[in-house]
Amino acid sequence: MTAIAAPGRILVAFTLLGAGLVNLGAARSTLPRPQGLLALVAGVAELVVALLVLRGVVPRGARQAAAGWGVGVLAVVSVVGLALAVAPGGHFGAAAVAAATLQLAGAATIGATTRPRDAAPEPAADGTRRPHRGGPAMTLAGLFAGALLVATATTAGLTDTDAGAVAVPHGDHHLPDLPGLPEHHHGS
């Protein structure tokens, strides 16, 4: 395993950003218990690593080790987080499930998008190289689907946090009444 292709890096960053946001949101309501400490440390680490992944900062020689470590750490943190959530004094809810789901999705994405260094497409029978499957439209569709799934899990997880408890329902949002603008209200 070595480099993660650009769309793979983006999907990994999406999942890590989502998991980090959910973990940081959950940390506030579960600190100073072990579940809250794990959520705080994991959330900060996930946000930092997501930014590093987007920048492609991992040196070439360390990519294989980083991918392996990333998969392992995400899997362990998700299992430990769920174990602490169901332990006495823990809080098992949508935030714990969403964080674990996003962490496991990040691990799976790392595993699925890393590839061997010498993985070149096999030539066709006539000696020509086969074109890459899908093309840009499939790449964009995959990124859109990934972003949609991560946003859905992140939103569901954040509803179980203190921020979700005090959030204003969408139907109650409105633009301020500014001079010269017509009134704008959602719903009835």
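Definitions and cut-offs
- Residues numbered from 1 in each chain as written.
- Predicted model: local features only at pLDDT ≥ 70, side-chain atom pairs only at ≥ 80, totals over all residues.
- Heavy atoms only, no water.
- Helix = DSSP H or I, 4+ residues; strand = E, 2+ residues; numbered from the N terminus.
- Buried < 20%, exposed > 50% of the residue type's maximum accessible area, 1.4 Å probe, protein only.
- Contact = heavy atoms within 4.5 Å.
- Axes fitted to C-alpha atoms, helices over the stretch in contact; angles between N-to-C directions.
- Parallel < 35°, antiparallel > 145°, perpendicular 65-115°, else oblique.
- Left-handed = near helix turned anticlockwise from the far one by under 90°.
- Nonpolar A, V, L, I, M, F, W, Y, C, P; charged D, E, K, R; others polar.
- Polar contact = N/O pair within 3.5 Å; in protein donor to acceptor, adjacent residues only side chain to side chain.

Section: unusual backbone geometry
- Of note, the bond from Leu31 into Pro32 is cis; its omega dihedral lies within 30 degrees of zero at 5 degrees.
- Tracing the backbone through its elements, the reader meets Pro32 in the loop between α1 (6–30) and α2 (34–55).

With respect to the side chain of Thr15
- By the secondary structure assignment, Thr15 is in helix α1.
- A relative accessible area of 4% places Thr15 in the buried class.
- If we skip the residues at most four places from it in the chain, Thr15 touches Leu102, Ala105, Gly106 and Val150.

Some details on the packing of α1 against helix α5 (residues 135–158)
- Closest axis-to-axis distance for the α1/α5 pair is 9 Å, and the angle between their directions is 5 degrees. In this view, α1 runs roughly parallel relative to α5, as classed from their interaxial angle. Residue-level inspection shows Pro7, Ile10, Leu11, Phe14, Thr15, Gly18, Leu21 and Val22 of α1 in contact with α5, the latter providing Thr139, Gly142, Leu143, Gly146, Ala147, Val150, Thr154, Gly157 and Leu158.

As for the packing of α1 against α2
- Contact pair α1 / α2: the axes reach a minimum separation of 7 Å and the direction vectors enclose 155 degrees. On the basis of their axis angle, the class for α1 and α2 is roughly antiparallel. Considering only the axes of α1 and α2, their crossing is left-handed.
- Residue composition of the contact of α1 with α2, by class: 18 nonpolar, 6 polar and 2 charged.

Details of the environment of Gln103
- Mapped onto the fold, Gln103 is located in helix α4 (residues 94–113).
- Along the primary structure Gln103 and Leu16 are separated by 87 residues, whereas in three dimensions their C-alpha atoms are 6.8 Å apart.
- Gln103 has contacts with Ala19, Asn23, Ala42, Glu46, Leu74, Val77 and Ser78, leaving out every residue within four places of it along the chain.
- Looking at Gln103, its side chain comes within polar contact range of the side chain of Glu46, at 2.7 Å.
- At 3.4 Å, the side chain of Gln103 and the backbone nitrogen of Ser78 are in polar contact.

What is shown is where atoms sit, not what they do.
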